[in-house]
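Reading the structure
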Amino acid sequence: GPSQSQPVGGCMDVRMVPQPVGRGDTFRVELNAERAWTGKLRITDVSGRTLDARALDLPPANGALHLTAPPQSGIYFLEFTGDSGYGKVIKLVVR
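All values derive from a computational prediction rather than experimental measurement.

1. Observations concerning the nonpolar core
Among the nonpolar cores identified, the biggest contains 23 residues, and Phe27, Val29, Leu65, Leu78 and Phe80 are the most heavily contacted of them. Of all the secondary structure elements, the ones that give two or more residues to this core are β1 (12-17), β2 (26-33), β3 (37-45), β4 (50-58), β5 (61-68), β6 (74-82) and β7 (87-94). If you tally residues by element for this core, the top one is β2, at four residues.

2. What about the sheet that holds β5?
Strand order in the open sheet formed by three strands is β1-β2-β5, with antiparallel pairing between adjacent strands. Lying at the two open borders of the sheet, with one neighbouring strand each, are β1 and β5. Adjacent strand axes in the sheet meet at a mean angle of 20° when their direction is disregarded. The pairing of β1 with β2 spans six bridges and is classified as antiparallel. Across the sheet, the residue bridging to methionine 12 is alanine 33, located in β2.

3. Some thoughts on the environment of glycine 63
Residue placement: glycine 63 occurs in strand β5. Separated by 30 residues in sequence, glycine 63 and alanine 33 place their C-alpha atoms 8.2 Å apart. Beyond its immediate stretch of four places on either side in the chain, glycine 63 contacts Val29, Glu30 and Leu31.

4. What to know about the environment of valine 17
Looking at the secondary structure, you find valine 17 in strand β1. The class of valine 17 is partly exposed, set by a relative accessible area of 25%. Through-space distance from the C-alpha of valine 17 to that of glutamate 30 is 8.0 Å; in sequence the pair is 13 residues apart. Those residues within four positions of valine 17 in sequence are excluded, and the remaining contacts are Phe27, Arg28 and Glu30.

5. Re the sheet that holds β6
Read from one edge to the other, the open sheet built from four strands follows the order β4-β3-β6-β7, with strand pairing classed as antiparallel. Among the strands making up the open sheet, the edge pair consists of β4 and β7. Across the sheet, the mean angle from the axis of one strand to that of its neighbour is 20°, orientation sign disregarded. Here β3 runs beside β6; their pairing, made up of seven bridges, is antiparallel. Note that in β6 the partner of threonine 44 across the bridge is phenylalanine 77.

Reading the values: the criteria
Residues numbered from 1 in each chain as written. Predicted model: local features only at pLDDT ≥ 70, side-chain atom pairs only at ≥ 80, totals over all residues. Heavy atoms only, no water. Core = buried A, V, L, I, M, F, W, Y, C linked by side-chain atoms within 4.5 Å. Buried < 20%, exposed > 50% of the residue type's maximum accessible area, 1.4 Å probe, protein only. Helix = DSSP H or I, 4+ residues; strand = E, 2+ residues; numbered from the N terminus. Pairing = 2+ DSSP bridges. Axes fitted to C-alpha atoms, helices over the stretch in contact; angles between N-to-C directions. Contact = heavy atoms within 4.5 Å.

Right, here's the structure in full:
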(Lines give C-alpha, C1' and ligand atoms only; values in the text may rest on other atoms or scores of the structure.)
Protein backbone atom coordinates (compact mmCIF):
# COMPACT_ATOMS: atom_id res chain seq x y z
CA GLY A 1 0.00 0.00 0.00
CA PRO A 2 1.02 3.67 0.00
CA SER A 3 3.71 4.51 2.52
CA GLN A 4 2.65 6.71 5.40
CA SER A 5 4.90 9.65 6.18
CA GLN A 6 5.58 9.80 9.90
CA PRO A 7 5.74 13.16 11.63
CA VAL A 8 9.05 13.78 13.34
CA GLY A 9 8.89 12.33 16.82
CA GLY A 10 5.54 10.89 15.81
CA CYS A 11 5.91 7.81 17.93
CA MET A 12 5.80 8.76 21.58
CA ASP A 13 4.56 6.51 24.32
CA VAL A 14 3.46 8.29 27.49
CA ARG A 15 2.76 6.64 30.82
CA MET A 16 1.75 8.32 34.04
CA VAL A 17 2.29 6.90 37.52
CA PRO A 18 0.55 6.79 39.87
CA GLN A 19 -2.93 7.24 38.44
CA PRO A 20 -5.08 8.60 40.00
CA VAL A 21 -2.79 10.90 41.94
CA GLY A 22 -3.46 12.62 45.27
CA ARG A 23 -3.94 16.40 45.46
CA GLY A 24 -0.61 18.21 45.47
CA ASP A 25 1.33 14.95 45.19
CA THR A 26 4.25 14.41 42.88
CA PHE A 27 3.67 12.12 39.93
CA ARG A 28 5.91 10.88 37.18
CA VAL A 29 5.29 11.04 33.46
CA GLU A 30 7.38 8.49 31.58
CA LEU A 31 8.03 9.33 27.97
CA ASN A 32 9.43 6.94 25.45
CA ALA A 33 10.08 8.71 22.16
CA GLU A 34 11.82 7.15 19.22
CA ARG A 35 13.83 10.33 18.69
CA ALA A 36 14.60 13.50 20.59
CA TRP A 37 11.45 15.53 21.17
CA THR A 38 11.09 19.25 21.77
CA GLY A 39 7.85 21.02 22.42
CA LYS A 40 5.58 22.27 25.13
CA LEU A 41 3.59 20.77 27.95
CA ARG A 42 0.42 22.50 29.07
CA ILE A 43 -1.69 21.35 32.01
CA THR A 44 -5.32 22.42 31.78
CA ASP A 45 -8.49 21.81 33.73
CA VAL A 46 -11.74 20.65 32.16
CA SER A 47 -12.76 24.23 31.37
CA GLY A 48 -9.56 24.70 29.38
CA ARG A 49 -7.86 27.02 31.87
CA THR A 50 -4.05 26.68 31.79
CA LEU A 51 -2.56 25.79 35.17
CA ASP A 52 1.01 25.19 34.08
CA ALA A 53 2.98 25.48 30.87
CA ARG A 54 6.59 24.67 30.20
CA ALA A 55 8.96 23.97 27.34
CA LEU A 56 10.30 20.44 27.06
CA ASP A 57 13.47 19.15 25.49
CA LEU A 58 13.50 15.38 25.83
CA PRO A 59 16.23 12.97 24.78
CA PRO A 60 15.35 9.99 22.62
CA ALA A 61 14.45 6.76 24.41
CA ASN A 62 13.31 7.04 28.00
CA GLY A 63 12.77 10.34 29.72
CA ALA A 64 10.79 11.10 32.84
CA LEU A 65 9.15 14.26 34.08
CA HIS A 66 8.35 14.83 37.73
CA LEU A 67 5.31 17.06 38.13
CA THR A 68 3.14 18.19 41.02
CA ALA A 69 -0.59 17.52 40.86
CA PRO A 70 -2.98 20.47 41.19
CA PRO A 71 -4.22 21.14 44.75
CA GLN A 72 -7.84 20.40 43.87
CA SER A 73 -9.53 17.12 42.99
CA GLY A 74 -10.80 16.76 39.47
CA ILE A 75 -9.89 15.85 35.94
CA TYR A 76 -7.04 17.63 34.21
CA PHE A 77 -5.31 17.24 30.88
CA LEU A 78 -1.62 17.15 30.01
CA GLU A 79 -1.25 18.46 26.48
CA PHE A 80 2.05 17.71 24.77
CA THR A 81 2.56 19.78 21.62
CA GLY A 82 5.68 19.02 19.63
CA ASP A 83 7.55 21.67 17.68
CA SER A 84 7.04 19.39 14.68
CA GLY A 85 3.30 19.62 15.17
CA TYR A 86 2.85 16.22 16.77
CA GLY A 87 0.68 16.28 19.87
CA LYS A 88 -0.69 14.01 22.54
CA VAL A 89 -3.20 14.59 25.31
CA ILE A 90 -3.17 12.58 28.55
CA LYS A 91 -5.92 12.65 31.13
CA LEU A 92 -4.84 13.21 34.74
CA VAL A 93 -7.24 12.23 37.53
CA VAL A 94 -6.62 13.95 40.86
CA ARG A 95 -8.54 12.52 43.79
